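Coordinate analysis (summary)
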Amino acid sequence: RVSTPWMLLALALAVGCNEYELSGNEYYETFQQTPSVAVDILFVVDNSPSMVHEHAAVVQGFGSFIGEVMESESDFHIGVITTDMESNEGGILLGETPWISTADPDYGHAFMEKIATVGIEGSGFEKGLQAAKKALFDSPAGFGDTENEGFLRWDADLAIVAVSDENDCSDEGNLPDASDQEACYDHADMLVPVVNYIDGFRNLKTESRNVTFSAIVGPPVTDGCEDTKYGLRYLTVVTNLGGLKGDICQTDWAEMMGDVGLIATGVDTWFALSHYPDPD
């Protein structure tokens, strides 16, 4: 509801004061949208030692997430990779079955198994954008003899969801050898520019609106949120591709994961009004 106020001035001579009567116009706007017919959802999950509690939060919030996906009646693929690009499994979908689909009768249990497979023994150099790139277009997931073959469907929308308590450290071999994670921050100029990944993800589809990127990462101010860094690089991708900017420091992820499910299936959760709203 929005109001455009105008005032009528009435002179109350009997009491010797001014009284103001406020009136205005009401505007109603309707937004119609149709969920995606098909969507491929890639979770990029930090598997470094500091993530044990966050993995539990992802699992706990999965019910809200998949509830929104199921209500949309979208034909979905859900896959999980890690941020660890130091191992041979970097960018490869986890699990005996590489992805969960609409046809799986117990998708909730299957997702929990995938998150359990993530583990917390991964590299402290979290390279989520680089991992997603390898999973989706360095080793084409839609065709060819690769481990991810068949996950990415060219006629489906794509939703990428990153979960990490560190900023992205995708360097593709540019960083000097270092023994600690601070190299990602001390040599940030040597990381691959975020725009390279944004363009790569966007070009996977003929229309940019068919690709979204959500990130549950460290907020700008992480006071009181132990061992968490500001996930600026991930959030920059969200700004450019559209998606959810989630706060990994939250204790209850149910609403946040539900919103990720809505966005992944092409359902907007906010709208721009044509009139300036009156909060009162």
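Basis of the calculations
- Residues numbered from 1 in each chain as written.
- Predicted model: local features only at pLDDT ≥ 70, side-chain atom pairs only at ≥ 80, totals over all residues.
- Heavy atoms only, no water.
- Helix = DSSP H or I, 4+ residues; strand = E, 2+ residues; numbered from the N terminus.
- Buried < 20%, exposed > 50% of the residue type's maximum accessible area, 1.4 Å probe, protein only.
- Contact = heavy atoms within 4.5 Å.
- Phe/Tyr/Trp six-rings, centres within 6.5 Å; stacked < 30°, edge-to-face > 60°.
- Salt bridge = Lys/Arg side-chain N within 4 Å of Asp/Glu carboxyl O.

This part is about the overall build of the protein. Looking only at helices and strands, the protein features seven helices and eight strands. Burial analysis of the protein (280 residues in total) assigns 46% to the buried set. Look at the contacts in the protein between residues 6 or more apart in sequence, and 72% of them connect residues 24 or more apart.

The subject of this paragraph is the packing of aromatic side chains. Summed over the entire model, instances satisfying the criterion amount to eight aromatic pairs. Taking 5.3 Å as the distance between ring centres and 65° as the angle between the ring planes, the aromatic pair formed by Phe43 and Phe111 counts as edge-to-face. Of this pair, Phe43 sits in strand 3 (residues 38-45) while Phe111 is found in helix 2 (residues 107-118), placing the two residues 68 residues apart along the sequence. Plain terms: the ring middles of Phe76 and Tyr107 are 6.3 Å apart, the flat faces sit at 90° to each other, and that makes the pair edge-to-face. In this pair, Phe76 is assigned in strand 4 (residues 75-82) and Tyr107 in helix 2, connecting sequence segments 31 residues apart. In this structure Phe76 comes out as buried when scored by relative accessible area, which is 0%. Among the aromatic residues, those joined into a ring-pair cluster are Phe43, Phe62, Phe65 and Phe111.

Attention now moves to the environment of Asp227. Checked against the element boundaries, Asp227 lands in the loop between strand 7 (211-217) and helix 6 (232-241). For Asp227, a relative accessible area of 52% corresponds to the exposed category. Once the C-alpha coordinates of Asp227 and Met51 are considered, the two residues, 176 residues apart in sequence, prove to be 9.6 Å apart. Residues contacting Asp227, with those up to four places away along its chain left out, are Asp165 and Glu166.

The next point concerns the pattern of salt bridges. Side-chain pairs of opposite charge can arise whenever the charged atoms involved come near each other. Taken as a whole and judged by the stated rule, the model has eight salt bridges. Close ionic contact of Arg153 with Asp75 constitutes a salt bridge, the shortest N to O distance being 2.9 Å. Of this pair, Arg153 sits in the loop between helix 3 (128-138) and strand 6 (157-163) while Asp75 sits in strand 4, and the two are 78 residues apart along the sequence. Exposure remark for Asp75: the relative accessible area of 36% places this residue in the partly exposed category. The residue Lys229 makes a salt bridge to Glu182 at a minimum N-O spacing of 3.3 Å.

A word on unusual backbone geometry. Although it is not a glycine, Glu73 sits at a positive phi angle of roughly 60°. Within the secondary structure, Glu73 sits in the loop between helix 1 (52-71) and strand 4. Residues other than glycine seldom take positive phi values, yet Glu172 does so here, at roughly 50°. In this fold, Glu172 is placed in the loop between strand 6 and helix 4 (183-186).

Interpretation note: all reported values are geometric properties and have no functional meaning in isolation.
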